[in-house]
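Results of the structural survey
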Amino acid sequence: MDIVKNFKLIKKTITDNVQIIAVSKTKSKDEILKIYNIGHKNFGENKIQELKEKYNQLPKDIKWHMIGHVQRNKVKYIAPFIELIHSVDSLKLMLEINKQGEKNKRTIKCLLQIKIANEENKFGLFKDEVENLISLSNNLNYIKIIGLMGMATYTNNDKIIDREFKEIYNLFKILKISYKQLSILSIGMSNDYLIAINNGSNMVRIGSQIFGERN
Ligand SMILES: *Cc1c(COP(=O)(O)O)cnc(C)c1O
């Protein structure tokens, strides 16, 4: 598995306005350092414990993204350093992030996770809840909602994926008219990032296509 080669191949298929989050969950420090050493700084993890350990052990200029479900009682472990939380899906979580942001004297950037997949096990907000949360967040000083995140249904059917990404892209475009702070649309993973980019993605979260399959 040539991680650097994989990473460069993906970069070639993507224009500069799309940020790559290298999803390093379950992968080792050495594997992460391979692409850190060629200048990549943005990495994503889905478990707070693992994220915190890697933060402690790896260079401090890495920008860490929390992309997995966040339990409120664990926000405190990442609040001091997290670059972006992609997976905010409730008011209670927003309030906790704001509280921990205040304790750490920093405004924590977040995305709202939208439920677009037809799967029971995917977290996220329903479309009609989103605007309310953005407008509530604008009264909080230590959290800033800067965009939306979504995960498509796990399927080989590109039409379904395309339809789901269009749904979140349309929502993003509509909300952007009223909420100028929204700039990030985080959609697209190893198997569907090109479909996502066709639907307005400017942040893709890619794991296995860079680091190889996870066990
Ligand atoms: C694991 C994960 C990814 C990356 O998945 P790949 O298919 O390996 O690219 C992206 N987003 C989230 C939320 C994940 O949990």
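Remember, it's a predicted structure, so these values are computed and weren't measured experimentally. (Residues numbered from 1 in each chain as written. Predicted model: local features only at pLDDT ≥ 70, side-chain atom pairs only at ≥ 80, totals over all residues. Heavy atoms only, no water.)

Further remarks concern the site of the ligand. Around the ligand, a shell composed of V23, K25, I67, M151, M189, S190, R205, I206, G207, S208 and R214 is seen. One of the side-chain nitrogen or oxygen atoms of S190 is found 2.5 Å away from an oxygen atom of the ligand. Between the ligand and G207, the relevant distance is 2.8 Å, taken from an oxygen atom to a main-chain nitrogen or oxygen of the residue. Protein chains shield 92% of the accessible area of the ligand, which is 390 Å² for the free molecule. Taken atom by atom, the bulk of the ligand overlaps the largest pocket. Of the residues contributing to the shell around the ligand, the split by class is five nonpolar, three polar and three charged. (Near = heavy atom within 4 Å. Polar contact = N/O pair within 3.5 Å; in protein donor to acceptor, adjacent residues only side chain to side chain. Areas by Shrake-Rupley, 256 points an atom, 1.4 Å probe, with all protein chains shown as cover. 1 Å grid on protein atoms, 1.4 Å probe; cavity = no way out; pocket = protein on both sides within 12 Å on 5 of 7 lines; lining within 4 Å. Sits in = over half its atoms within 2 Å of the grid points. Nonpolar A, V, L, I, M, F, W, Y, C, P; charged D, E, K, R; others polar.)

With that out of the way, let us pick up empty space enclosed by the protein. Applying the stated criterion to the full structure yields one cavity of 30 Å³ or more. Counted as a void, the largest cavity has a volume near 30 Å³. Forming the boundary of the largest cavity are Q113, I114, K115, I116, A117, K122, F123 and M151. (Points joined across faces, edges and corners; volume = space filled by probe spheres on them.)

What follows concerns the packing of helix 6 (residues 127-137) against helix 7 (residues 158-178). For any two helices packed against each other, the geometry comes down to the angle between their axes and how far apart the axes lie. Across the interface, helix 6 lies against helix 7 with an axial gap of 11 Å and an inter-helix angle of 30°. Considering their axes alone, helix 6 and helix 7 lie roughly parallel with respect to each other. For the element pair helix 6 and helix 7, the recorded crossing hand is right-handed. Taken together, the residues of helix 7 that come into contact with helix 6 (itself represented by K127, V130, E131 and I134) are E167, L171 and L175. Among the residues making up the contact of helix 6 with helix 7, the classes are represented as four nonpolar, no polar and three charged. (Axes fitted to C-alpha atoms, helices over the stretch in contact; angles between N-to-C directions. Helix = DSSP H or I, 4+ residues; strand = E, 2+ residues; numbered from the N terminus. Parallel < 35°, antiparallel > 145°, perpendicular 65-115°, else oblique. Left-handed = near helix turned anticlockwise from the far one by under 90°. Contact = heavy atoms within 4.5 Å.)

The terminal C-alpha atoms of helix 5 (residues 91-103) lie 19 Å apart, and with 13 residues this matches the ideal 18 Å at 1.5 Å per residue to within 8%. Among the residues making up helix 5, those that are buried are L93, M94, E96, I97, N98, Q100 and G101. Taken together, the buried residues of helix 5 touch helix 4 (75-78), strand 4 (84-88), strand 5 (108-114), helix 6 and strand 6 (143-150). With its phi angle positive at about 55°, K105 sits one or two positions after the end of helix 5. (Expected span 1.5 Å × (residues − 1). Buried < 20%, exposed > 50% of the residue type's maximum accessible area, 1.4 Å probe, protein only.)

What follows concerns the side chain of T153. Mapping T153 onto the fold places it in the loop between strand 6 and helix 7. A distance of 3.0 Å separates a polar side-chain atom of T153 from the backbone nitrogen of N118. Here the side chain of T153 touches E164 through a polar contact of 2.6 Å, side chain to side chain.

Here I145 lies in strand 6. Looking at I145, the relative accessible area reads 0%, which means it is buried. For I145, the residues in contact, after removing those within four places along its chain, are M94, C110, L112, I134, S137, Q181 and L182.

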